[in-house]
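Chain by chain, the residues run as shown.
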Amino acid sequence: MALRQYQLPAGRALFVNAGGSFFLASRAACMRLYNSALLDADHDFLHLHGHVLEPGDKLGHVARAYAEAQRAAVSRQLDYLILVPTLRCDLSCSYCQVSRVAATQPGYDWSEDTAEAVLHLLDTLATSQIKIEFQGGEPTLRPDLVRRVIERCARFDQREFVICTNLQRLDDDILALLDHPDVFISTSLDGSPDVHSRNRTGSAQATDRFFDNLATVVARYGPKKIAALPTIDPAAPPDIDALIDSYNRHGLESIFLRPINYQGFARKRHRDAREQGDDWRAYYERFVRRLIARNWQDRSRVLEEAYLSIALRRIFRPGTERHVDLRSPNPLGIDYIVVDHDGVVYPTDEARMLARAGVIDLAIGTVAAGWDSPARDLLNKHSSNSDDPACQTCAFQPFCGRDLVDDIARYGRIDLPRHETEFCRRHTHLFSFIFRLLYEEDEAVRYSLARWLRLPGTLAPAMDYLA
Ligand code: SF4
């Protein structure tokens, strides 16, 4: 029986096997497990739920191996590209992660050679489905390049394009792009106009323009085509209800509660963003509990914290969640890449930001010459949490991920003991919070958890529990 455990309040403990099956044990059951003094009923429970397998139980062993393999499976085919047609931007947010350049500065857009190399790459991909995210800078400053890429993708059976925009410009050219049914909008909404103006736009005029354009796209396309996310300064987080209201007002139901990312400009202007403390984690829990309460009060709509929903699906729906910041193994430069404004290829957007900030050059190649490089191979030697001694004993390892670039960004190295990293502290907190919620006997909590898992019904009142 290879079970890892995590201590929860009231003497109870969570036990998890390598395939991600888990149960909660009462204080008394914990004592029996620790002292190898199991009752017959305990043996029955452990057998029934697949935590103990008899040597001759071939089906049980195959099922366990399948569960582990399913959690470790990742696509080996390139089908997700982050493209940066320009690094220019018409705003200068205090925590811009990408160190953009001024909108009028020449030399920071794709050259014709780079554009052709990107289009040629699209022609050679073996996949039948493609996802492309246009990042910047502000990609709507070059709608012509965005259009060329979208048109070149007509041959794929499934296409999804996300334009990450500050919504400062919304002319006929851009609306024609957004009208495309496969195109989605991602923007930033930090809360009320006051907060948004302070953090991002810096002028009343630009703030008004943003909110007018947000209202226009919501009215034209409906909220399902638009994702917005706030960036929170943990030193001065906004009022929780005011933040939720600002999303509700536009019909937006998914809120990705991100503290300032320790990248790009933010490294200089928000130095304390390297680590998040207990105050941030307490704020995060209050925020999620407020969503739960509001979902229960008004069941006509469901609000979610996007990252918590992703983590929930990592627990219950292995293989269906492809969020590249939370997976293990997390191979770099294989199934997704970033093509920068100069044609340089990075393994992640954060790696691009580190290069721009002059911290470390994690480029793995160029779109013209390829990126099957020693740099990529070196990074991929460390892309799995199952090789890490701390993760190997962690109850959350089957659900958790590995983010080398985050470690390099914060500490300049990847070999710190895992528990000393912000990535680990964040995810230990997140998963322990989720498991506390899962075992709460509160209808409102169960209602939201089921919605966030995209289930029509409700979760069973008591999940696997050894009394
Ligand atoms: S990073 Fe931390 S929380 Fe995640 S599996 Fe490793 S030890 Fe566990």
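Residues numbered from 1 in each chain as written. Predicted model: local features only at pLDDT ≥ 70, side-chain atom pairs only at ≥ 80, totals over all residues. Heavy atoms only, no water.

Visitor: Outline the packing of helix H11 (residues 278-297) against helix H18 (residues 443-452), supporting the account with residue identities and numerical values.
Guide: Look at H11 against H18: their axes get within 9 Å of each other, and the N-to-C directions meet at 95°. Considering the angle they form, H11 stands roughly perpendicular to H18. In contact with Val288, Leu291, Ile292, Asn295 and Trp296 of H11, H18 contributes Glu443, Ala444, Val445, Tyr447, Ser448 and Trp452. Of the residues in the contact of H11 with H18, the class split is eight nonpolar, two polar and one charged. (Axes fitted to C-alpha atoms, helices over the stretch in contact; angles between N-to-C directions. Helix = DSSP H or I, 4+ residues; strand = E, 2+ residues; numbered from the N terminus. Parallel < 35°, antiparallel > 145°, perpendicular 65-115°, else oblique. Contact = heavy atoms within 4.5 Å. Nonpolar A, V, L, I, M, F, W, Y, C, P; charged D, E, K, R; others polar.)

Visitor: How would you sum up the pairing of strand S15 (residues 336-339)? Please name residues and give values.
Guide: Burial along S15 is two-sided: the residues Tyr336 and Val338 and Ile337 and Val339 are all buried. Two elements, strand S4 (residues 80-83) and S15, share four bridges in a ladder whose sense is parallel. Residue pairing in the sheet places Leu83 in a bridge with Val339 of S15. Here S15 folds back onto strand S16 (residues 344-346) in antiparallel fashion, the turn holding four residues, of which Gly343 has a positive phi close to 85°. (Buried < 20%, exposed > 50% of the residue type's maximum accessible area, 1.4 Å probe, protein only. Pairing = 2+ DSSP bridges.)

Visitor: Mind laying out the domain arrangement of the protein chain, listing which residues take part and the relevant values?
Guide: According to the domain assignment, the protein chain consists of domain 1 (1-72) and domain 2 (80-366). Together domain 1 and domain 2 conceal approximately 470 Å² of surface at their shared face, both sides included; 50% is due to carbon and sulfur atoms. By the criterion of area lost to domain 2, the three top residues of domain 1 are Phe22, Gln70 and Arg71, representing 84% of everything that side buries. Seen at the junction of domain 1 and domain 2, the total is zero salt bridges. Viewed at the interface, domain 2 and domain 1 are joined by two residue pairs in polar contact (both at pLDDT 80 or more). Sort the elements by how many residues they give to the side of domain 1 that touches domain 2 and helix H3 (residues 58-72) lands first, with three residues. Here the residues of the side of domain 1 that touches domain 2 are counted per class, giving two nonpolar, one polar and one charged. (Domains from an automatic or database assignment. Buried area = accessible area lost by both parts, 1.4 Å probe. Salt bridge = Lys/Arg side-chain N within 4 Å of Asp/Glu carboxyl O. Polar contact = N/O pair within 3.5 Å; in protein donor to acceptor, adjacent residues only side chain to side chain.)

Visitor: Mind laying out the site of the ligand, listing which residues take part and the relevant values?
Guide: Neighbouring the ligand are Cys391, Cys394, Gln397, Cys400, Arg418, His419, Cys424 and Thr428. The cavity that encloses the ligand is the largest cavity. Looking at the shell around the ligand, its residues break down into four nonpolar, three polar and one charged. (Near = heavy atom within 4 Å. 1 Å grid on protein atoms, 1.4 Å probe; cavity = no way out; pocket = protein on both sides within 12 Å on 5 of 7 lines; lining within 4 Å. Sits in = over half its atoms within 2 Å of the grid points.)

Visitor: So, empty space enclosed by the protein: which residues are in play, and what are the values?
Guide: Taken as a whole and assessed by the stated rule, the structure comprises two cavities of 30 Å³ or more. In this structure, the largest cavity occupies an estimated 140 Å³ of space. Taken together, 16 residues make up the lining of the largest cavity; nearest its centre are Cys391, Cys394, Cys400, Arg418 and Cys424. No other element matches helix H17 (residues 422-438), which puts five residues into the lining of the largest cavity. Of the residues contributing to the lining of the largest cavity, the split by class is eight nonpolar, six polar and two charged. Within this model, the second largest cavity holds a volume of roughly 110 Å³. Taken together, Leu257, Pro259, Trp280, Arg281, Tyr284, Tyr307, Arg426, His429 and Leu430 form the lining of the second largest cavity. (Points joined across faces, edges and corners; volume = space filled by probe spheres on them.)

Visitor: Mind laying out helix H13 (residues 349-356), listing which residues take part and the relevant values?
Guide: The buried fraction of H13 amounts to six of the eight residues, a majority that puts the element mostly inside the structure. Turning to H13, its buried residues number three or more, namely Asp349, Glu350, Ala351, Arg352, Met353 and Leu354. Backbone nitrogen of Glu350 and a side-chain oxygen of the N-cap are separated by 3.3 Å at the start of H13; the cap is Thr348. Of the residues trailing H13, Gly358 is marked for its positive phi of about 75°.

Visitor: Help me get a handle on the sheet that holds S4, residues and values and all.
Guide: Taking strand neighbours across the sheet as the criterion, the eight strands line up as S10-S9-S8-S7-S4-S15-S16-S17 in an open arrangement whose pairing is mixed. Here the strands that pair on one side only, and so sit at the sheet edges, are strand S10 (226-229) and strand S17 (365-366). Note that strand S8 (residues 158-164) and strand S9 (residues 183-188) share four bridges and pair parallel. Residue pairing for S9: Val162 is matched across the bridge by Phe184. Helix H4 (residues 112-124) contacts S4, strand S7 (129-134) and S15 of the sheet and is inclined by roughly 170° relative to S4.

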